[in-house]
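Next come the chains, spelled out residue by residue.
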Amino acid sequence: LLFNYATETFNVCDSIIDKDFNYSQNRKDLELQFINRSLDKLKTHHSDSAFNQAIHHAAKQKIVKYFPDLMNLSSVGYLMMERYTKMMNIGFGVSLNNILSGNWKEEPTVQ
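Overview of the structure.

Cut-off values and rules
- Residues numbered from 1 in each chain as written.
- Predicted model: local features only at pLDDT ≥ 70, side-chain atom pairs only at ≥ 80, totals over all residues.
- Heavy atoms only, no water.
- Helix = DSSP H or I, 4+ residues; strand = E, 2+ residues; numbered from the N terminus.
- Buried < 20%, exposed > 50% of the residue type's maximum accessible area, 1.4 Å probe, protein only.
- Contact = heavy atoms within 4.5 Å.
- Core = buried A, V, L, I, M, F, W, Y, C linked by side-chain atoms within 4.5 Å.
- Patch = residues over 30% accessible without salt bridge, like charges linked within 9 Å, V, L, I, M, F, W, Y side chains within 5 Å.
- Areas by Shrake-Rupley, 256 points an atom, 1.4 Å probe, with all protein chains shown as cover.
- Salt bridge = Lys/Arg side-chain N within 4 Å of Asp/Glu carboxyl O.
- Axes fitted to C-alpha atoms, helices over the stretch in contact; angles between N-to-C directions.
- Parallel < 35°, antiparallel > 145°, perpendicular 65-115°, else oblique.
- Left-handed = near helix turned anticlockwise from the far one by under 90°.
- Nonpolar A, V, L, I, M, F, W, Y, C, P; charged D, E, K, R; others polar.

Along the protein chain, the regular secondary structure elements total 4 helices and 0 strands. Reading the helices (α) and strands (β) of the protein chain from amino to carboxyl end gives α-α-α-α. Principal-axis analysis of the C-alpha atoms places the extent of the protein chain at approximately 45 × 35 × 30 Å. Considering the protein chain as a whole, with its 111 residues, one finds that 32% of them fall into the buried category. Contacts in the protein chain between residues at least 24 apart in sequence constitute 86% of all its contacts with a sequence separation of at least 6.

Grouped together as the largest cluster of nonpolar side chains are 19 residues, with contacts concentrated most on Cys-13, Ile-16, Leu-70, Leu-73, Met-80 and Met-81. When residues of this core are traced back to their parent elements, those giving at least two are helix H1 (2-22), helix H2 (25-45), helix H3 (50-66) and helix H4 (75-101). Among the elements that line this core, the one with the most residues is H4, at 7 residues. Discounting chain neighbours no more than four positions away, the residues touching Ile-16 are Leu-73, Gly-77, Met-80, Met-81 and Tyr-84.

A cluster of nonpolar side chains, Leu-1, Ile-99 and Leu-100, forms an exposed patch at the surface whose accessible area comes to about 280 Å². Positionally, Leu-100 belongs in helix H4.

For the coordinates displayed, the defined rule picks out 3 salt bridges. The partner of Lys-19 in a salt bridge is Glu-31, and the shortest N-O contact between them spans 2.7 Å. With Lys-19 in helix H1 and Glu-31 in helix H2, this pair connects stretches of sequence that are 12 residues apart. What makes Glu-31 buried here is its relative accessible area of 13%. The residue Glu-82 makes a salt bridge to Lys-60 at a minimum N-O spacing of 3.6 Å.

This part covers the packing of H1 against H3. As a packed pair, H1 and H3 sit with axes 11 Å apart at the nearest point and diverge in direction by 50°. On the basis of their axis angle, the class for H1 and H3 is oblique. In terms of crossing hand, the pair formed by H1 and H3 is right-handed. Contacts from Tyr-5, Thr-9, Phe-10 and Cys-13 in H1 reach Ile-55, His-56, Ala-59, Ile-63 and Tyr-66 in H3. For the contact of H1 with H3, a count of residues per class yields 7 nonpolar, 2 polar and no charged.

Printed below as a string of structure tokens:
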């Protein structure tokens, strides 16, 4: 679970760097609006626990360490990165809570 969270986070960071440098301002603004609407919907269903906040803070420290190009993002690029990683953090917290509470159902694997 933690490996998947880290992998998704690194993939998003790489994608945001690319989008920030290659997308038009209008397209970045539209994507940020979409992310904000999605995150608002998630927040109505899932609270942001102290544990999730601590994980998000630790993840941001690692992100900056491994992706120094993030320091050159525009303000919209930074907001996109912050919102996407927050969405993934909520997903990680929900999955972890499900595992700890015994509500986790592993997806069947195809062989």
